[in-house]
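# Coordinates in review
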Amino acid sequence: MLIVMRHDATDEEVREVMDLVRGQGYDPKPVPGAERTAVCVLGNKNPVDPSPYESLSGVLECIRVTKAYKLVSRDTHSENSVIEVNGVRIGGDRMAIIAGPCSVESRDQLFKTAEFLASKGVKLMRGGAFKPRTSPYEFQGLGEEGLSLLGEVRSQFGLGVVTEAIDHINFDVVEEVADIVQIGARNMQNFSLLRRAGKSHKPILLKRGISATVEELLMAAEYILTGGNANVVLCERGVRTFSAHTRNTLDLSAIPVVKKLSHLPIIVDPSHAAGNREFVIPLALGAAGVGADGLIVEIHPDPEHALCDGQQSLHFETFSRLLDQLP
Ligand code: PEP
Ligand code: MN
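Everything numeric in this text was worked out from a predicted model, so none of it was measured.

Our focus in this paragraph is the pairing of strand β12 (residues 232–236). With five of five residues buried, β12 lies mostly within the body of the structure. Residues Val232, Leu234 and Glu236 line one face of β12 and the alternating positions Val233 and Cys235 line the opposite face, and both faces are buried. As paired elements, strand β11 (residues 204–207) and β12 share four bridges and run parallel to each other. Paired with lysine 207 across the two strands is cysteine 235, which belongs to β12.

And the structure:
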């Protein structure tokens, strides 16, 4: 249930509502809005009786929230959430661009990429240090050595770093370096990782699971918000279907649907959707067309020799062309 306060409700009146929620054995979550505050009631298994709240001064109305997600829903927060990282507003008026290699492979590879991105005015760089590979025999990333290289480019080039945590155990070291902690598709429903992300003071990039519905994506995000971290960026990266002409099927319809249901920003990863660099630009332009809040794109100084996802990584010149074509 959502208890909406009057626009002139005092802090004392909000506190009274929160105390009553607690007194009834539930968890109150204040949701400040531009016009008025609301208090979301969490932790109830059955519908909550609104009458004791409706009689409190300062309460405008009680709204029953029947969806399985509440804090990520537009019902509890009607305005778009904007998450600002390194001067980039994700969810604002302009598309946010994140680019970089799939994996951190070497100092040379990372510094070349960072220098190029800085020259293009791109302020957020991706690069996996811990890689969730489908096969245990594939390159697993440089781990902590990769993180320290990311830390170096962060300070040398002023880039915000986006890098993945693959379990709740390595979350601490990733969080120290990352400006945005990525949770990958294979981990969208790793609940201990989601709970740990909820305690983080860093924004989280949550990618849609390989076969996850939009509702499952939103419920995964809800785990992070209920933990206290409201800075979540969602990512559509394609889902598995019967079609095999691309690595995954980019579900562009998810963008307007998510934007209707949730206030959280959603970006698109055309690289993991396409699996082939030839199709990255058209999918990225499609994402812009359906109102995505940004893109995360894999690029590499020498994609033919990349240790991971080279076939879908753009050469620098192609990425420059994409930047030129974006609205
Ligand atoms: C990645 O971003 O490199 C990655 C592994 O993506 P996904 O989790 O979407 O497969
Ligand atoms: Mn990749």
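We now examine the pairing of strand β2 (residues 27–32). Note that β2 and strand β3 (residues 37–42) share six bridges and pair antiparallel. Each residue of the ladder has a partner; that of lysine 29, found in β3, is cysteine 40. Counted between consecutive antiparallel strands, the loop separating β2 from β3 contains four residues.

Moving on, we get to the sheet that holds strand β4 (residues 59–63). In spatial order, the strands read β2-β3-β1-β4; together these four strands make up an open sheet with antiparallel pairing. Bordering the open sheet on either side are β2 and β4, each of which pairs with just one other strand. Adjacent strand axes in the sheet meet at a mean angle of 20°, parallel and antiparallel pairs treated alike.

On to the domain arrangement of the chain, then. The domain boundaries assigned to the chain delineate domain 1 (2–63) and domain 2 (83–325). Computed over C-alpha atoms only, the centres of domain 1 and domain 2 are separated by 36 Å.

What follows deals with the side chain of asparagine 170. Looking at where asparagine 170 falls in the secondary structure, it is placed in the loop between β9 (160–164) and α5 (171–177). What makes asparagine 170 buried here is its relative accessible area of 9%. Aside from chain neighbours lying at most four places away, what touches asparagine 170 is Phe130 and Ala165.

Parameters and conventions
Residues numbered from 1 in each chain as written. Chains lettered and ligands numbered in written order. Predicted model: local features only at pLDDT ≥ 70, side-chain atom pairs only at ≥ 80, totals over all residues. Heavy atoms only, no water. Buried < 20%, exposed > 50% of the residue type's maximum accessible area, 1.4 Å probe, protein only. Helix = DSSP H or I, 4+ residues; strand = E, 2+ residues; numbered from the N terminus. Pairing = 2+ DSSP bridges. Axes fitted to C-alpha atoms, helices over the stretch in contact; angles between N-to-C directions. Domains from an automatic or database assignment. Contact = heavy atoms within 4.5 Å.

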